[in-house]
Amino acid sequence: MAGILGEYTELFLEESEDQIEELNANLLKLESDHSNPDIINDIFRAAHSLKSSAAFVGLLNLSDLAHKMENLLQKIREDKLSVNVTLVNLLFECFDLIKVVIDAVGQGEKLDTTFPEMITKLQNYEKEGSVAGSTPPTKSTTSSSSPAPSTPVATPKPISKPVISEGLLHLDELEILDLDEEMRIRNASAIDIKVVLKENTQMKGSRYALMLELLKPSGVIFKTQPEEDDLLKGGEINELLLVYITQLDEEEINRIVHSDLVEEIKIETRSVSNTSASEFIPLNLDQDELAELEEEFKSRKGNVFDIRVVLKTDTPMKGLRFTLILQNIKQNSIIYKSNPDIEILERGTELNSLTFILLTDMSIEDVKKTISVDMVDYLNVEPRNLVSTAKPLSAHETSTPAHQENATSAKPSQTPSAPAPPKKEKPQAVAADKDDSKLTKSIKVSSEKLDQLMNNVGELVITNSGFQKIYDDLVRTFGDDTTLTELKGKIDQINRISKDLQSGIMNTRMVPIGSVFNRFSRLVRDLSMETHKKVQLILLGENTELDKKVVDMIGEPLLHLIRNSIDHGLETPEERAKTSKSDMGTVELNAYQGGNNIMVEIKDDGRGLNKGRILKKAIENGLVTQADAQNLSDNDIFQFIFAAGFSTAAEVTDISGRGVGMNVVNKLVQDFKGKILINSVEGQGATFTLCFPQALAIIPSILVSMEEEIYAFPLSEVFETIRVKKEQINTLEGHEIFNLRGEVLPIYRLNKIIGLSDKKDLEEFPVVIVNFNSRKLGFIVDDMIGKHETVIKTLEKNFRNIPGLTGASIMGDGTIILVLDIPGLIELTNVIKIDDTLEGIEMLRLNSSRSSDNTVTEKIYKTITSTNLYNSRLLEMVLSDKSRRKKDKSSERKKPIVIVHEKETEEEEIQEEITIESSIVEHDSSDTSSRIETEISQSEEPIEELGTTTMQEEPENSSEEDDDGRNQAKEMLKSFSEQTKQRVEAMIDRPIDQLLSNQEIRKLETVVNTGTMNAGLVLSQLVGSNVDLFMPEIALTDKDILVDLIRDPYEHFFGLKIRMNGDLNGNLLMIFSEEKGNELSNKLLKSNENSTLAKKLSDDNLSVLSEISNIVCASIINSLSNKAKVQIMPSVPELVSGTFREVLDAVKPEKTKFLSMNTEFVYDGDNLIGNLIFLPDFDELVQLIAKLN
Amino acid sequence: MQVTESNDTSESTGQVDEIIQFLSFAVSNEIFGIDLIHVHEILRPVFITRVPNVEVYVLGVTNLRGEIIPIVDLKKKFEQDFTEITKISRIIVLEFNSKRFGLVVEEVKQVIKIKKSSISFINNQLSMDFNHMIDNVGRSGDLIVLLIDLNKLISLT
């Protein structure tokens, strides 16, 4: 993306920012060490680099300024100028101006102003030697100690004026210098051109201007006479003189410029002699290249040379020649970088000079010999000094002189070390070398990409925890299994790897804080001068790494704090002397890791914080009352300084005193969830410690639930969790407090802060105790869930930041939990209008599906909020859908008609029944008793009220009838049929909502479920291994439907019939197909007998089955009677066998509807289904269900 | 040479009439439209996690495949009552200015194409309730659709 200066904007910014920092740091070094040539070179190099990059991106005026600066620096290099405070300040001024432009670019503004004042100042200084009078002694000391340029020391040859021949247009000294520069940069020649247009030519000025335009694409118009701007102003212009820098030759220029109107053209190339003496500027390498080079150098040993080869101007095929030279030298050396590049050379070039860096074992002499081939005009071979110049100083003391004199007298001739052999080892450098670790290769990565990675890893961790949960569920369902254990192993492994991955990625975002620290050397120097105090800055722990965001931010708070320390904290030398302190004050910056936090400390040995004054000011400003002031701890008092507008300064200075700084500091620190700790001893000094949590994306937290909403307290803030009784909470001035082992803490109700209603009448509640600003406080919550690790997602992405919340997090199962922000919560308690009118009602529990126990949709007390109402309604809809779908599932062809609250269907059903009722039904059974039964059942009530038990009891008797009995029975039956007919009529009129409702069936299901579970338990004990019985699906079916389910009408079935007596009368019939029955009983008997073929069941099998039926029915009856608190007694089971129909008839359900429950036996991985027909007296059943609450 | 008769004024003036697609939906018996380009997806109502201390029409947030997005009850936002959740209620997930959020609506109708020329700016006289979010009204055949200006919708969130 192109920036304000085009596509290289980003690059320019990075490089130039670094260079300015370097310049500043180096200049400081230079101040204390005037004559160190290395420092001077570094400064020069940086300035030069800056100049070219500025020119490259089009900041020509900046480039100009840098150039002028360079001249000054050059003079310093030549010992023509001495380093004194004035000069240094001048240069600093210059740097600042440059910084302004760079910052502006950073902000998106192209600031290309000229700097006439600065340039004048620079030029004046250059000319006059010094502004405030130099000190000759210094000059001599430095000059005497600077070594003569000899090869061992890596100083380039001193500059001598480039000898450029005079041309048509006169150029002064400076211009010649510039011209030389330009020529070298572009590797082009300077050509003087004179053009005279014919006398009578119209608009000469414009024509001359046009010529210039034509020339511009192929070169640079260095200077023109008259000036370009003047050309268009009109007036008689006789001739145009210009100096043109180009690679074009004279022929080509002539062609461009010539036209019919041209009277005379003169083109002369300026010759530049003595190029050999011209300054050899070695290739500039950026950070990475330098580092690479050093790596190479270290691994290969040998020497590094900067080499420049200049061929004679008239050499043919220069490109080829250069290529050959390089080839020759490549035999046993490495060419690290060359200008121009090798590709360009191969293509052919007219350039006559080649600069490159060589890494070789050869000595200088050998190198020279290899390269000095025919046609080589000049060769310059300089050893390269591989010093990591770009890095700022590590743990060192920068003493800043308070007075000028000290500067010169303090450092007597610091002779650089005697010719140290530079080739073999790294030459000594004054700048303390950084650890080797700093020179490792680096790669720039956009922080966006890192953020994205962090995000993904966070998701990975969450998904992993999901796996864990699934594993737990599996174990619960299937028990232990080797496969499952393997799974667990893998899950744990993935967990570990993803956690490692996460901390690794986090580390990529960490940068050492040293880069920030080093900026302050300059500040301290300036401040100490301004305040006339002696200050020394000590930097420690620069290698401590922090998340880049924090490092970027922390500059400002540190700035304020340092300012404060120097301005208010440190005393003047006189004052210090009085208190027997050394007259040099110390400001110490330190960074270290403390537990899970990173601490950044600013310590000074000044006068410390004045508690009394702070307190007084606080009371004055109304931050605390006189009375409360008594209870404040030292730390509390110190914390007042962070209040906006707070200052105890008697006067406002330029630097500080307005009371803004500390407030800003506090806010910035809090934004990053950090805190500031203050320690101070009056008279001795003060220490401010900024404490930041290591930016962990995974935050361990304590989960609490508030009415099914889950909130997380970051574990780092939680001190303790306890249960508190109502009596332990007291009220003090409207605020609730409580006593924790002698300590009195304020206690807040979390529900109030988050807008939920109070839970009344609670005796005891859980409380989470947190740390806040070194105080403790408690939050009352509804329920504690436990510890959990969450990856926090910000809410700001799609929404906005909510006060009181740091963000949200997604749990393994997809639920969203909200992560609390303690300071935010506290603020809310002060700000929020607590709504006492919040009320709640019972609403459906959302999480019922997740509870492993009863799946009854319990209700829970919930506050009436829009969300809760919405969720509740949604849940209702979902459940009703679910149950409807479940009902639909139980049949293949005809759906058993189920009672639901759908009025239409019910009406239909009633109609159906009435028609059936009135028709005469043919029987297929030959049994007379069954005929009677049929008659009876014909007149049985329709589905609204299912068969009465009394009726069914009768058939028992009639089946045993003798002739007399038969007559008796006939009588009874007649009366019965009358009765039932009446009842039926009554039934039809019965309103539909008195039918067995969904709810009632639900309740029944639950109870029966308990029964079947119990049965399962008993069976398991009997059999000796796990038998599970699953909840019967209760459906209303009729005989036909059930019969239709059986594929083979002749398949053999048998059933166990058990009668119920007591408060509920009726029958239970357990039907098994022979096949299934055999299977089941064999399984349970663990018999290997393959008796599935036998038609008749063995006695053993039969007894097993009857036992099973017994147990199941008994359990259900038991369950019913327990829950409804009624008495129901089961009878001895009776075995019935035959076809399905026959068996079914044993309980005479006939055409009426009845409750059928499918029971699943799960044993040894097999599911076997038996069918249980439940036929109670339905009136009684309804009553019983009513009792089931 | 053929003379083509056409009712379309745009053709006769030789202009190309841009057709914009809108997703139409119903809230309190009015039909609204949102530029389809902003519609990310349409969901059946999902469970929403309440967020404390937000505006009353923000029902909360929900987990949309790992992303946490806020859900707004559009009817309530129009300063009326809450939307009745029925089988045809839906949540429209919109994406605007790289923010995703959901709107609860009573019923999602269909995608309609409206010619730019059929979109007209309205003043306060129409639908008093929603006018701070509606700038334009579009006509598709006989149907009048109130077009929601997402800028206004978001700024009020």
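These numbers were taken from a predicted model, which means no experiment stands behind them. Positions within a chain are numbered from 1, following the residues in the order the chain's sequence is written. Chains and ligands are labelled sequentially in the order written, the chains with letters from A and the ligands with numbers from 1. Reporting of local features is limited, given that this is a predicted model, to residues whose pLDDT is at least 70; pairs of side-chain atoms are given and counted only at 80 or more, and all residues count toward the totals for whole chains, interfaces and linings. Remark: hydrogens and water are excluded; side-chain values derive from all non-hydrogen atoms of the structure.

J.: How should the packing of aromatic side chains be read in this particular structure?
T.: To describe a pair of aromatic rings, one takes the distance between the centres and the angle between the planes. Here the aromatic set is Phe, Tyr and Trp, taking the six-membered ring for Trp, and pairing holds for ring centres within 6.5 Å; pairs whose planes are under 30 degrees apart are stacked, those over 60 apart are edge-to-face, and all others are tilted. In total, this model carries four aromatic pairs over all chains according to the counting rule given. Centre to centre, the rings of A:Phe92 and A:Phe95 are 6.1 Å apart; their planes meet at 85°, and the pair counts as edge-to-face. On the criterion of helical spacing, the pair formed by A:Phe92 and A:Phe95 is a turn pair, its members being three residues apart in helix 4 (residues 85–107). When sorted by exposure, A:Phe92 lands in the same class as A:Phe95, which is buried. Seen in terms of ring centroids, B:Phe25 and B:Phe32 are 6.1 Å apart; in terms of plane orientation they differ by 25°. Their pairing is stacked. For every residue, the accessible area obtained with a 1.4 Å probe (protein chains only) is divided by the maximum for its type, and the residue is called buried under 20%, exposed over 50%, and partly exposed between those limits. Since its relative accessible area comes to 0%, B:Phe25 is described here as buried. Each member of the aromatic cluster is reached from another via a ring pair, and the members are A:Phe713, A:Tyr748 and A:Phe779. For A:Arg749, the ring lying beneath its charged end belongs to A:Phe765, and the centroid distance is 5.6 Å. Here a helix means four or more residues in a row that DSSP labels H or I, a strand means two or more in a row labelled E, and each is numbered from the N terminus. Should the NZ of a Lys or the CZ of an Arg lie within 6 Å of a ring centre and within 35 degrees of the ring normal, that charge is described as sitting over the ring.

J.: Whenever I open this one, helix 22 (residues 611–620) of chain A confuses me. Can you help?
T.: Residues lying three or four places apart along an α-helix face the same way, a consequence of the helix completing one turn every 3.6 residues. All names here are of chain A. Of the positions making up helix 22, those classed as buried are Ile614, Leu615 and Ala618. Each buried residue of helix 22 lies within a common arc of 95° when the element is viewed along its axis, so the set occupies one face. Facing away from the buried side of helix 22, by more than 90 degrees, are the exposed residues Lys616 and Glu620. Throughout, a residue-residue contact means that at least one pair of heavy atoms, one from each residue, lies within 4.5 Å. Residues of helix 22 that are buried sit in contact with helix 23 (626–629) and helix 24 (634–639). Any pair of nitrogen or oxygen atoms within 3.5 Å is treated as a polar contact; in protein, a donor-acceptor pairing is required on top of that, and neighbouring residues in sequence qualify only through side-chain atoms on both sides. Capping the start of helix 22 is the job of one residue whose side-chain oxygen sits 3.1 Å from the backbone nitrogen of Gly612: Asn610. Positive backbone phi, approximately 80°, marks Gly622, located one or two places after helix 22. Along the arc lie the directions from the helix axis toward the C-beta atoms.

J.: Honestly, the sheet that holds strand 6 (residues 90–96) of chain B in this entry has me stumped. Any pointers?
T.: Sheets are built from strands that pair by backbone hydrogen bonding, the pairs being arranged parallel or antiparallel. Residue and element names in this part refer to chain B. Paired strands are those between which DSSP finds at least two bridges. If you trace the five strands from one edge of the open sheet to the other, you get 3-6-7-5-4, paired in mixed fashion. On the outer flanks of this sheet lie strand 3 (39–43) and strand 4 (58–64), each paired with one strand and no other. Taken over all neighbouring pairs, the strand axes of this sheet differ in orientation by 30° on average, direction set aside. Relative to strand 7 (residues 99–105), strand 5 (residues 67–73) runs parallel, the two being bridged by three bridges. Residue pairing for strand 7: Asp73 is matched across the bridge by Val104. For helices, the axis comes from a line fit to the C-alpha atoms of the stretch in contact; other axes are also lines fit to C-alpha atoms, and the angle between any two N-to-C directions lies between 0 and 180 degrees.

J.: Hey, could you run me through the pairing of strand 2 (residues 189–197) of chain A in this one?
T.: Strand residues, when the strand is regular, have side chains that alternate between the two faces of the sheet. Residues and elements named next belong to chain A. When you tally the buried positions in strand 2, you get eight out of nine residues, the bulk of the element. Where strand 2 and strand 4 (residues 239–246) come together, eight bridges link them in antiparallel fashion. What sits directly across from Ile193, in strand 4, is Leu242. Across seven bridges, strand 2 lies against strand 5 (residues 262–269) in antiparallel orientation.

J.: When you look at a negative patch on the surface in this model, what are you seeing that I'm missing?
T.: All names here are of chain A. The patches reported here contain residues having more than 30% relative accessible area and no salt bridge. Joining distances are 9 Å for like charges and 5 Å for nonpolar side chains (Val, Leu, Ile, Met, Phe, Trp, Tyr). To be clear on the numbers: accessible area is Shrake-Rupley with a 1.4 Å probe, and residue cover counts the displayed protein chains and nothing else. Criterion for a salt bridge: a side-chain nitrogen of Lys or Arg within 4 Å of a carboxyl oxygen of Asp or Glu. The charged-residue count follows a simple rule in which Lys and Arg add positive charge and Asp and Glu add negative charge, with His and chain termini not counted at all. One atom stands in for each charge, and that atom is NZ of Lys, CZ of Arg, CG of Asp or CD of Glu. On the surface, Asp249, Glu250, Glu251 and Glu268 cluster together to form a negatively charged patch. Within the secondary structure layout, Glu251 lies in helix 10 (residues 250–257). Since its relative accessible area comes to 52%, Glu251 is described here as exposed.

J.: It is not clear to me how the packing of helix 4 of chain A against helix 19 (residues 520–531) of chain A should be interpreted in this structure. Could you clarify?
T.: The angle between the axes and the distance between the axes are what describe a pair of packed helices. Residue and element names in this part refer to chain A. Look at helix 4 against helix 19: their axes get within 13 Å of each other, and the N-to-C directions meet at 125°. Between helix 4 and helix 19, the angle is such that the two are oblique. Judged by the sense of rotation from one axis to the other, the crossing of helix 4 with helix 19 is left-handed. Contact with helix 4, carried on its side by Val85, Val88, Asn89, Phe92 and Asp96, involves Arg522, Arg525 and Met529 of helix 19 and no other residues of that element. Lys, Arg, Asp and Glu make up the charged group, whereas Ala, Val, Leu, Ile, Met, Phe, Trp, Tyr, Cys and Pro make up the nonpolar group; the residues left over, Gly among them, are polar. The residue inventory of the contact of helix 4 with helix 19, partitioned by class, reads four nonpolar, one polar and three charged. Should an angle fall under 35 degrees it is taken as roughly parallel, and over 145 as roughly antiparallel, whereas 65 to 115 is taken as roughly perpendicular and any remaining angle as oblique. Handedness of a helix crossing follows the sense of rotation of the near helix relative to the far helix, less than a right angle counterclockwise being left-handed and clockwise being right-handed.

J.: Would you take a moment to explain the confidence of the model for chain A for this structure?
T.: When pLDDT drops low, the exact placement of atoms in the prediction is not to be read closely. Residue and element names in this part refer to chain A. Taken as a whole, chain A shows an average pLDDT of 73; of its residues, 74% reach a score of 70 or greater. As a per-residue quantity, pLDDT reports the predictor's confidence and falls between 0 and 100. Across residues 130–161, confidence stays below pLDDT 50; counting only partners more than four residues off in sequence or on other chains, it has 47 contacts. Every residue in residues 891–961 is under pLDDT 50, and counting partners more than four places away or in other chains gives 113 contacts.

J.: I'm lost on the interface of chain A and chain B in this one. Help?
T.: Accessible area lost when the parts come together is the quantity often used to give the size of an interface. Between chain A and chain B, the residue contacts involve 35 residues of the former and 31 residues of the latter. For the pair chain A and chain B, the summed buried area comes to about 2900 Å², and 62% of that belongs to carbon and sulfur atoms. If you sort the residues of chain A by the area they bury against chain B, A:Asn798, A:Phe799 and A:Tyr870 come out on top, with a joint share of 25%. Along the contact surface separating chain A from chain B lie two salt bridges. The partner of A:Glu709 in a salt bridge is B:Arg50, and the shortest N-O contact between them spans 2.6 Å. The interface formed by chain A and chain B holds twelve residue pairs in polar contact (both at pLDDT 80 or more) in total. When residues of the side of chain A that touches chain B are traced back to their parent elements, those giving at least two are strand 20 (709–714), strand 28 (805–810), strand 29 (816–820) and helix 28 (866–889) of chain A. The element that contributes the greatest number of residues to the side of chain A that touches chain B is helix 28 of chain A, accounting for nine residues. Its residues assigned to classes, the side of chain A that touches chain B shows 19 nonpolar, eight polar and eight charged. Accessible-area loss on putting two parts together, using a 1.4 Å probe and summing over both, is the definition of buried area adopted here.

J.: Teacher, can you tell me more about unusual backbone geometry here?
T.: Going from A:Gln225 to A:Pro226, the amide bond is cis rather than trans, its omega being 0°. If you trace the backbone, A:Pro226 turns up in the loop between strand 3 (219–225) and helix 9 (228–231). One non-glycine residue with positive phi stands out, namely A:Lys1125, at about 55°. Note that A:Lys1125 resides in the loop between helix 36 (1099–1124) and strand 35 (1128–1130). A relative accessible area of 72% means that A:Lys1125 is categorised as exposed. One non-glycine residue, B:Ser28, lies in positive phi territory at about 40°. Turning to its location among the elements, B:Ser28 is positioned in the loop between strand 1 (19–27) and strand 2 (30–35).

J.: How should the sheet that holds strand 2 of chain A be read in this particular structure?
T.: Residues and elements named next belong to chain A. With respect to topology, four strands assemble into an open sheet ordered 3-4-2-5, the strand pairing being antiparallel. The sheet terminates laterally at strand 3 and strand 5, the two strands that pair on one side only. Between one strand axis and the next, the sheet turns by 20° as a mean value, whatever way the strands run. Set on the sheet, helix 8 (residues 204–215) makes contact with strand 2, strand 3, strand 4 and strand 5; between it and strand 2 the angle comes to about 155°. Together, strand 2, strand 4 and strand 5 form the strand contacts of helix 10, whose direction differs from that of strand 5 by roughly 155°.

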